[in-house]
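Structural features, examined
Listed below are the residues making up each chain.
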Amino acid sequence: MKNSKCFSMAAGAIGVAMLMVCSAAGAQDSQERPTLNKDKQPAQQQPASTTLSLDTPATPPASSEEDTALKAIQAMPEGSVANLQAKIDATEAFIQKFPQSRYRSMAYGFLTVSYTQVGKSDKSMDYGEKELELNPNDVATMAILSQTIPRVVNMTAPDGAKKLDRAEVLGKRAVEVVATLPKPEGMTDEVFANTKNQTLAMAHGGLGLVDWRRGKFADAIPELEESVKLDTIADPVNWFILGVANQNTSHFDAAAAAYTHCASIAGSLQNTCKTKSDEAKKLAATKLSAPK
């Protein structure tokens, strides 16, 4: 029992450390997220068409100056950290110049994701909350925040538990709203299904990470299993924490399988997951596994 407790503490410490590294440069950079790239936007630039939501925010009148400024930002590349930061700065300036822009929702969504990618999670969460004030049922933003918060939250901070509660509320709300969403006009059934699944993958992943942060490993497992099942974009963080949760509940074969999958995904977690997979396999061979 003593050894098991020590392992639990060590696994949690490793998990926190690795999430702090991977939150900005791991799973999120490979995901298809809101963008201001011109060639990825629909022909009609309307905030309501850029996200899945029950809301239909009022659209302010068009402005040729505003449209020209947006097109200039859309033409900016995003391929490197420096380029992405320049585009972030331009988008910030756009919002300051056009505070009631018809493209605010698009800009807030872009900044929510992009600030996560450059490692500025506080800014990401601030813009995510701004987007939810404007568009309360934006499920993509809810899912992104529910996944981001438990990856970066400092649980020793006075507001750590409160932030984790917020992540849980957003994750559950995203799951609830996705089930009621109508298909946007012009979106194919396949794209609609994939978009919903990817949103649900983020939301369930966030809920699983919330449970993991609270030490509720058994509760984290089904949420994370649902996330990786729906996820069409390999997210090593969720596979890694699924391994941690299974190992802490003595499901050693399942832990080894999760770590092995994590190790197959290129990124900063790859070597750690390979090591953890070997450890879990040894435990499976020498210790009695708990029934699923």
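Going by the structure above, here's the rest.
A short tour of the structure in this document, coming up. Because the structure is a prediction, the values reported are computed rather than measured.

Moving on: the side chain of serine 146. Mapped onto the fold, serine 146 is located in helix α6 (residues 139-152). Within polar-contact distance, the side chain of serine 146 engages the backbone oxygen of alanine 143 at 2.8 Å. Contacts of serine 146, omitting those with residues within four sequence positions, involve Ala167, Leu170, Gly171, Met202, Ala203 and Gly206.

This brings us to the pattern of salt bridges. Across all of its chains, the model carries 14 salt bridges by this definition. Close ionic contact of lysine 97 with glutamate 65 constitutes a salt bridge, the shortest N to O distance being 3.0 Å. Taken together, the residues lysine 97 in helix α3 (residues 81-97) and glutamate 65 in helix α2 (residues 64-74) connect sequence positions 32 residues apart. A relative accessible area of 54% means that lysine 97 is categorised as exposed. Salt bridges linked by common partners bring Asp165, Glu168, Lys172 and Arg214 together as one network.

Moving on, we come to the packing of helix α11 (residues 252-263) against helix α12 (residues 270-286). At a closest axis distance of 8 Å, the pairing of α11 and α12 adopts a crossing angle of 160°. On the basis of the axis angle, α11 is roughly antiparallel to α12. Read as a crossing pair, α11 and α12 show a hand that is left-handed. Between α11 and α12, the contacting residues are Phe252, Asp253, Ala255, Ala256, Tyr259, Thr260, Cys262 and Ala263 on the first element and Gln270, Cys273, Lys274, Lys276, Ser277, Ala280, Lys281, Leu283 and Ala284 on the second.

Time to look at the side chain of threonine 199. Structurally, threonine 199 can be placed in helix α8 (residues 189-213). Look at threonine 199 and you get buried, because its relative accessible area is 5%. Excluding its chain neighbours within four sequence positions, the residues that come into contact with threonine 199 are Val139, Ala140, Ala143 and Val178.

Rules used in this analysis
- Residues numbered from 1 in each chain as written.
- Predicted model: local features only at pLDDT ≥ 70, side-chain atom pairs only at ≥ 80, totals over all residues.
- Heavy atoms only, no water.
- Helix = DSSP H or I, 4+ residues; strand = E, 2+ residues; numbered from the N terminus.
- Polar contact = N/O pair within 3.5 Å; in protein donor to acceptor, adjacent residues only side chain to side chain.
- Contact = heavy atoms within 4.5 Å.
- Salt bridge = Lys/Arg side-chain N within 4 Å of Asp/Glu carboxyl O.
- Buried < 20%, exposed > 50% of the residue type's maximum accessible area, 1.4 Å probe, protein only.
- Axes fitted to C-alpha atoms, helices over the stretch in contact; angles between N-to-C directions.
- Parallel < 35°, antiparallel > 145°, perpendicular 65-115°, else oblique.
- Left-handed = near helix turned anticlockwise from the far one by under 90°.

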